[in-house]
Amino acid sequence: MSTPLLSIKGLTKTYPGVVANDDVSFDIGTNEVHALLGENGAGKSTLVKMIYGLVKPDSGTMTWNGQHFAPAEPKAARASGVAMVFQHFSLFDALSVAENVALGMENPPAMRDLARRIRRVSETYGLPLDPNRTVGDLSAGERQRVEIIRCLLQDPKLLIMDEPTSVLTPQEVDILFQTLNKLKAEGTSILYISHKLEEIRTLCDHATILRLGKNVGECVPAQTSARDMAEMMVGDTLQTPTRTTEKAGEVVLDVSGLTLEPTNDYGTTLKNIHFTVRAGEILGIGGVAGNGQDELLAALSGESQTWPDSIKVNGQDVANLGPNARREMGILAAPEERLGHAAAPDLSLTENALLTGAIREGLTSNGFVNWSKTTDFADTIIKEFDVRTPGNHVAARALSGGNLQKFVIGREVLQRPEVLVVNQPTWGVDAAAAAAIRQSLIDLAAGGAAIVVISQDLDELMEISDRFGALNEGRMSDIRPAVGLSIDEIGLMMGGAHGMEVAHVGDEEQEGASA
Amino acid sequence: MIALEKRPTPSRALSLATPLIAVAITMIMGGLLFSVLGKNPFEAIRTIFWDPVLGEFAFYYRPQLLVKAAPLVLIAIGLSLGFKAGIWNIGAEGQYIMGAICGAAVGLAVYPTETRLIFPLMIVAGALGGWAWGMIPALLKVRFGTNEILVSLMLVYVADQLLASMSLGLLRNPEGMGFPGSRNFSDYPAANSWINEAAGLHWGMAFAFIAVIFSYFLLNRHILGFNIRLTGEAPRAARFAGVNPTRLVLFCLGTSGALAGLAGLFEVSGPSGQVNIDFASGYGFTAIIVAFLGRLHPVGILLAALLMALTYVGGDLAQGNLGLPSAAIQVFQGMLLFFLLALDLLTNYRVVFKKKGAA
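The structure displayed is predicted, hence computed values, not measured ones. (Residues numbered from 1 in each chain as written. Chains lettered and ligands numbered in written order. Predicted model: local features only at pLDDT ≥ 70, side-chain atom pairs only at ≥ 80, totals over all residues. Heavy atoms only, no water.)

1. A closer look at the overall build of chain A
Step number 1: A tally of regular secondary structure across chain A gives 17 helices and 23 strands.
Step number 2: Computed over its C-alpha atoms, the radius of gyration of chain A comes to 24 Å, within 12% of the 24 Å expected for a compact globule of 515 residues.
Step number 3: Judged by the C-alpha coordinates and their principal axes, chain A covers about 70 × 45 × 40 Å.
Step number 4: In chain A, which comprises 515 residues, the share counted as buried stands at 55%.
Step number 5: The contacts of chain A with a sequence gap of at least 6 include a subset with a gap of at least 24, amounting to 67%.
Step number 6: Only carbon and sulfur atoms are counted for the fraction: they give 48% of the accessible area of chain A, which is about 21000 Å². (Helix = DSSP H or I, 4+ residues; strand = E, 2+ residues; numbered from the N terminus. Rg over C-alpha atoms; globule rule 2.2 N^0.38 Å. Buried < 20%, exposed > 50% of the residue type's maximum accessible area, 1.4 Å probe, protein only. Contact = heavy atoms within 4.5 Å. Areas by Shrake-Rupley, 256 points an atom, 1.4 Å probe, with all protein chains shown as cover.)

Structure below.
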């Protein structure tokens, strides 16, 4: 075997109280798409940050093309040919695409030249993008293109991509994969971070699996089943939620003609949304991030108020009611952003239990808080939903994402909602906790609640929902039964490829290479 | 290399300890300042912190401490509610002046009637005056989204001008031989806030204690207090919890205005005695220091107000006995807030010493 492009030996990094990476070794060859697979918190991000020079390893070495490699800062890593597309974009909404790209360059060329280069790269790799558009107006998929193009302008040898498909429709994923394959054919290696197994099986040549900071195995994804990879990743046999289909009851939640202007400049307008949810039913709402999910949750939770009669529960108009009035009627919600929206970071779990539980759990009388009852409620949530925490006095921000999410979902589920709306219930949550959360939603529906699950995780939606719809630029697609829906149909419901096109320049070469 | 590392949970012990550390550092740095000015630092610190409480003439200074602390407590309690919610009323000084003017005007209007009703009426007028002055930035904020920090601060200077105009015009003592200033309330028993002047007790102290207890229960036991804290910690979560931000702004600015107005009324009808050009003495601004020094906690504010009163009284003493310039005392008070805010960082972060070049 030839010298690998990047060889990692015994990398270790500890943070106070956590070993993020423990003696991790693997090689990335030239012309290889290498997957780094692992659950949230397995140490994938720390590892790539070390490669990108953002974090210094405590011990261990890296070799780049046979040379010692220890980038002190991202600039040094970029100079060697490492580029990275982060999961969370670092773009300025108010600046244009070209300005954003220029900000990331050491010596940006004149704006006009840069715009021309951006156009050329975007055409070559099938990532259409107008350099003069304002980033705030772009969809999530388009923003990702800005990040990718920013990287490609550096002619990288190794492109690191951190969970790139979480913001894309299935069609967009296909096109991204063609772009990546083309890059690979031209000699760029790709380190692809994900926990989505099917993607890795389609795209990657090699996979390294991390669990709790350790390298627990390598495999050739195409020859390994998704289930085997999942079990390596989790280190346990997976419990998939069980769903017993019940006969749906009466219509509980009836949304018709819901239109809502966004509260901030870069929000999405909800346009004439119609759907109904029956008792005992789970409606899954998919869609790429930023297509109106936050606004829909706000309209249903009562944080935003809408035109009369646009939202009815059991026949009663609730469109003008605030969050607490809706809670009284049994309409509960769990927003996507755990810290700062669903929970207050610096307040204790007890206080966070009061945050939404005050009304339905009767935690106040004449406005005075019954703290012992509130503590009991917090303890119940912690116990019933297996929230790992030293106690109810701990600040919400001290909990891991998965544990806090279990707390947030548990807080609403235990209040016996008639209608429950959740946004991204398992985002950034480990597989075991995600399964527990999904199971609790299914159980709640079995008990007769009407549930709306907004999520960008299509596997999740297919697993738990009875019917499925998708948000696309603030519009809702037709609602269809989830059973028997193909991934292509779902993709079209989500708005298809959002104007992406397949990489076309040099198609012949690529075909030649694959033939 | 020294680095700061975020704590998973804010340190409660440090949150309580930082005011004490800040006071200690202020004493050290203040001592240095005084020695640069050519004074004996130990004597200066002793004169400021020891003599007024336990020194030879303490019997004279102790009542003064109460007189200075009462308005500070009243104002700071009101401010702390807003500060906890992230609503920054910087203009308590103006609300204090307006409370004094309105309350005094009621008393002066009926002079020299003697009935028990006058003083309660003055209290109501004082509270209303401060409330109304606080509602101006509140209404502008909720209606037009103006910045309450700027508006409330600017209104201090408007109130200052009004005070001057009142002392020279409408409220001037008709028997005052043309001197500026209103009639003196010390000559008007029915409209006087003193309970026992020799002991330094006036009704402001009673109201200050009530405010402390009220605020304690509000913040710790009542859902409104919880909503105030929640809004300060996480505004979006507060909206999700059903808090109405408009009502909260009106409540916080209104309450702090009313309490500042009360402080002004008790001051004008007691220790100060009359509406005059030099009536405003900076209590409204010092109360901001008191609120933070007291950790925005009612009991903490009570203690912090006594400490600030001590620096006022002790500062006067040091000025008289040691010839320290009055500006030195103000610097001293400023340092206290400065060190406190700087040390605040430690409740959320810990300092770690790292070996440089650890790879």
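2. Points about the overall build of chain B
Step number 1: Within chain B, the regular secondary structure consists of 14 helices and four strands.
Step number 2: Relative to the 2.2 N^0.38 estimate, which gives 21 Å for 359 residues, the radius of gyration of chain B is 22 Å and therefore close to what a compact globule would have.
Step number 3: A principal-axis box enclosing the C-alpha atoms of chain B has dimensions of 80 × 55 × 35 Å.
Step number 4: A buried classification covers 52% of the 359 residues belonging to chain B.
Step number 5: In chain B, the proportion of contacts linking residues at least 24 apart, taken out of those at least 6 apart, comes to 78%.
Step number 6: Here chain B displays about 16300 Å² of accessible surface, and carbon together with sulfur accounts for 67% of that area.
Step number 7: The distance from the centre of the 23 positive side-chain charges to the centre of the 16 negative ones in chain B is 18 Å. (Lys, Arg positive; Asp, Glu negative; His and termini not counted. Charge placed at Lys NZ, Arg CZ, Asp CG, Glu CD.)

3. Examining the domain arrangement of chain A
Residue and element names in this part refer to chain A.
Step number 1: Partitioning chain A into domains gives domain 1 (6-239) and domain 2 (251-493).
Step number 2: A straight line from the C-alpha centre of domain 1 to that of domain 2 covers 32 Å.
Step number 3: Of the roughly 1200 Å² buried where domain 1 meets domain 2, counting both sides, 60% is carbon and sulfur surface.
Step number 4: There are zero salt bridges connecting domain 1 and domain 2.
Step number 5: Counting every contact that joins domain 1 to domain 2 gives zero residue pairs in polar contact (both at pLDDT 80 or more).
Step number 6: A per-class count over the side of domain 1 that touches domain 2 returns seven nonpolar, seven polar and four charged. (Domains from an automatic or database assignment. Buried area = accessible area lost by both parts, 1.4 Å probe. Salt bridge = Lys/Arg side-chain N within 4 Å of Asp/Glu carboxyl O. Polar contact = N/O pair within 3.5 Å; in protein donor to acceptor, adjacent residues only side chain to side chain. Nonpolar A, V, L, I, M, F, W, Y, C, P; charged D, E, K, R; others polar.)

4. Brief notes about the sheet that holds strand β12 (residues 270-278) of chain A
Strands in a sheet are paired, the pairing made by backbone hydrogen bonds, and the direction either parallel or antiparallel.
Residue and element names in this part refer to chain A.
Step number 1: Taken together, the four strands give an open sheet; going across it, the order is β12-β11-β14-β15, and neighbouring strands pair in antiparallel fashion. At either end of the open sheet lies a strand with only one pairing partner, and these are β12 and β15 (316-317).
Step number 2: Of the pairings in the sheet, the one linking strand β14 (residues 311-313) to β15 comprises two bridges and is antiparallel in character. Of the residues in β15, the one forming a bridge with Lys312 is Asp317.
Step number 3: Here helix α9 (residues 293-301) sits on the sheet and contacts β11 (251-260), β12 and β14; the angle it forms with β11, its principal contact strand, is near 120°. (Pairing = 2+ DSSP bridges. Axes fitted to C-alpha atoms, helices over the stretch in contact; angles between N-to-C directions.)

5. A closer look at unusual backbone geometry
Step number 1: The omega torsion of the bond from Tyr111 of chain B to Pro112 of chain B falls at 0°, within 30 degrees of zero and hence cis.
Step number 2: Here Pro112 of chain B is to be found in the loop between α5 (92-109) and α6 (118-144).
Step number 3: One non-glycine residue, Glu163 of chain A, lies in positive phi territory at about 45°.
Step number 4: Of note, Arg295 of chain B is a non-glycine position whose phi angle comes to about 60°, a positive value.
Step number 5: Along the polypeptide, Arg295 of chain B turns up in the loop between α12 (283-293) and α13 (298-322).

6. Considering the environment of Ala76 of chain B
Residues and elements named next belong to chain B.
Step number 1: Mapped onto the elements, Ala76 comes out in helix α4 (residues 58-84).
Step number 2: In the structure, Ala76 is positioned 158 residues away from Ala234 in sequence and 23 Å away in space, judged by C-alpha atoms.
Step number 3: Those residues in contact with Ala76 that lie beyond four places of it in its chain are Ala287, Val290, Ala291 and Ile301.

7. So, the pairing of strand β4 (residues 59-64) of chain A
Residues and elements named next belong to chain A.
Step number 1: Direction of pairing for strand β1 (residues 6-15) relative to β4: antiparallel, over a ladder of five bridges. For Ser7, the partnering residue across the bridge sits in β4 and is Thr63.
Step number 2: Where β4 folds back on strand β5 (residues 67-68), the antiparallel hairpin that results is connected by two residues, among which Asn65 adopts a positive phi of roughly 55°.

8. Some remarks on the sheet that holds β4 of chain A
Residues and elements named next belong to chain A.
Step number 1: Judged by pairing direction, the sheet is antiparallel, and its four strands sit side by side in the order β2-β1-β4-β5 without closing on themselves. Looking at which strands have only one partner, the edges of the open sheet turn out to be β2 (18-28) and β5.
Step number 2: Running over the sheet, helix α1 (residues 44-51) touches β1, β2 and β4 and is turned about 120° from β1.

9. Observations concerning the interface of chain A and chain B
Step number 1: On the side of chain B, 24 residues touch chain A, which itself brings 38 residues to the contact.
Step number 2: Between chain A and chain B lies a buried interface of about 2400 Å² when both sides are counted; carbon and sulfur atoms form 59% of it.
Step number 3: The interface formed by chain A and chain B holds one salt bridge in total.
Step number 4: The residue Arg229 of chain B makes a salt bridge to Glu351 of chain A at a minimum N-O spacing of 2.7 Å.
Step number 5: Inspection of the region where chain A meets chain B yields 10 residue pairs in polar contact (both at pLDDT 80 or more).
Step number 6: Considering each element in turn, the side of chain A that touches chain B owes the most residues, four residues, to helix α11 (residues 349-357) of chain A.
Step number 7: Classifying every residue of the side of chain A that touches chain B by side-chain character gives 19 nonpolar, nine polar and 10 charged.

10. Comments concerning the packing of α6 of chain B against helix α7 (residues 148-168) of chain B
All names here are of chain B.
Step number 1: Contact geometry of α6 with α7 gives a least axis separation of 9 Å together with a crossing angle of 145°. Of the two elements, α6 crosses α7, and the hand of that crossing is right-handed. Of the residues in α7, those in contact with Trp133, Ile136, Pro137, Leu140 and Lys141 of α6 are Glu148, Val151, Ser152, Leu155, Val158, Ala159 and Leu162. (Left-handed = near helix turned anticlockwise from the far one by under 90°.)

11. Thoughts on a nonpolar patch on the surface
Step number 1: A surface patch of nonpolar side chains, amounting to about 960 Å² of accessible area, comprises Phe368 of chain A together with Leu66, Ile195, Leu201, Trp203, Ile213, Tyr216, Phe217, Val299, Leu303 and Leu306 of chain B.
Step number 2: Those elements giving two or more residues to the nonpolar patch turn out to be α8 (203-221) and α13 of chain B.
Step number 3: Relative to the elements of secondary structure, Ile195 of chain B occurs in strand β2 (residues 194-196).
Step number 4: Residue class for Ile195 of chain B comes out partly exposed when judged on its relative accessible area of 48%. (Patch = residues over 30% accessible without salt bridge, like charges linked within 9 Å, V, L, I, M, F, W, Y side chains within 5 Å.)

12. Comments concerning helix α12 (residues 371-384) of chain A
All names here are of chain A.
Step number 1: Spanning 14 residues, α12 covers 20 Å between terminal C-alpha atoms, matching the ideal 20 Å at 1.5 Å per step.
Step number 2: Buried within α12 are the following residues: Thr374, Phe377, Ala378, Ile381 and Ile382. Looking down the long axis of α12, one finds its buried residues gathered within 135° of arc, a one-sided arrangement.
Step number 3: On the buried face of α12, the contacting elements are α11, β18 (368-369) and α13 (401-413).
Step number 4: Count one or two residues on from α12 and you reach Asp386, which has phi positive near 50°. (Expected span 1.5 Å × (residues − 1). Arc of directions from axis to C-beta.)

13. With respect to the side chain of Glu32 of chain A
All names here are of chain A.
Step number 1: For Glu32, the position within the fold is in the loop between β2 and β3 (33-37).
Step number 2: It turns out Glu32 is buried and unbridged, and the closest side chain with the opposite charge, Lys184, is 8.8 Å from it.
Step number 3: The residues touching Glu32, leaving out its near neighbours within four places in the chain, are Asp27, Lys184, Ser189, Ile190, Asp205 and His206.

14. Some remarks on the pattern of salt bridges
It is possible for side chains of opposite charge to pair when their charged atoms get near one another.
Step number 1: All told, the structure shown has 26 salt bridges over all chains when counted by the stated rule.
Step number 2: In this structure, Glu463 of chain A engages Arg438 of chain A in a salt bridge whose closest nitrogen and oxygen atoms are separated by 3.7 Å. Linking Glu463 of chain A in helix α15 (residues 458-464) with Arg438 of chain A in helix α14 (residues 431-446), this pair joins segments that are 25 residues apart in sequence.
Step number 3: Looking at Glu463 of chain A, the relative accessible area reads 30%, which means it is partly exposed.
Step number 4: Linking Arg46 of chain B and Asp51 of chain B is a salt bridge whose minimum nitrogen-to-oxygen distance equals 3.6 Å.

15. Quick notes on the environment of Pro271 of chain B
Residues and elements named next belong to chain B.
Step number 1: With respect to the secondary-structure elements, Pro271 resides in the loop between α11 (245-268) and α12.
Step number 2: Judged by its relative accessible area of 29%, Pro271 falls in the partly exposed class.
Step number 3: Linking Pro271 and Trp194, residues 77 residues apart in sequence, is a C-alpha distance of 8.1 Å.
Step number 4: The residues touching Pro271, leaving out its near neighbours within four places in the chain, are Val67, Ser193, Trp194, His202 and Phe266.

16. Section: the nonpolar core
Step number 1: Judged by nonpolar contacts, the single largest core of 149 residues is most densely connected at Leu159, Leu180, Tyr192, Leu253, Phe275 and Leu296 of chain A.
Step number 2: Counting residues per element, this core draws most heavily on α14 of chain A, at seven residues.
Step number 3: A domain-level breakdown of this core finds at least three residues from each of domain 1 (6-239) and domain 2 (251-493) of chain A.
Step number 4: Leu65, Leu79, Ala127 and Ala211 of chain B belong to the second-largest nonpolar core, a separate cluster that totals 86 residues. (Core = buried A, V, L, I, M, F, W, Y, C linked by side-chain atoms within 4.5 Å.)

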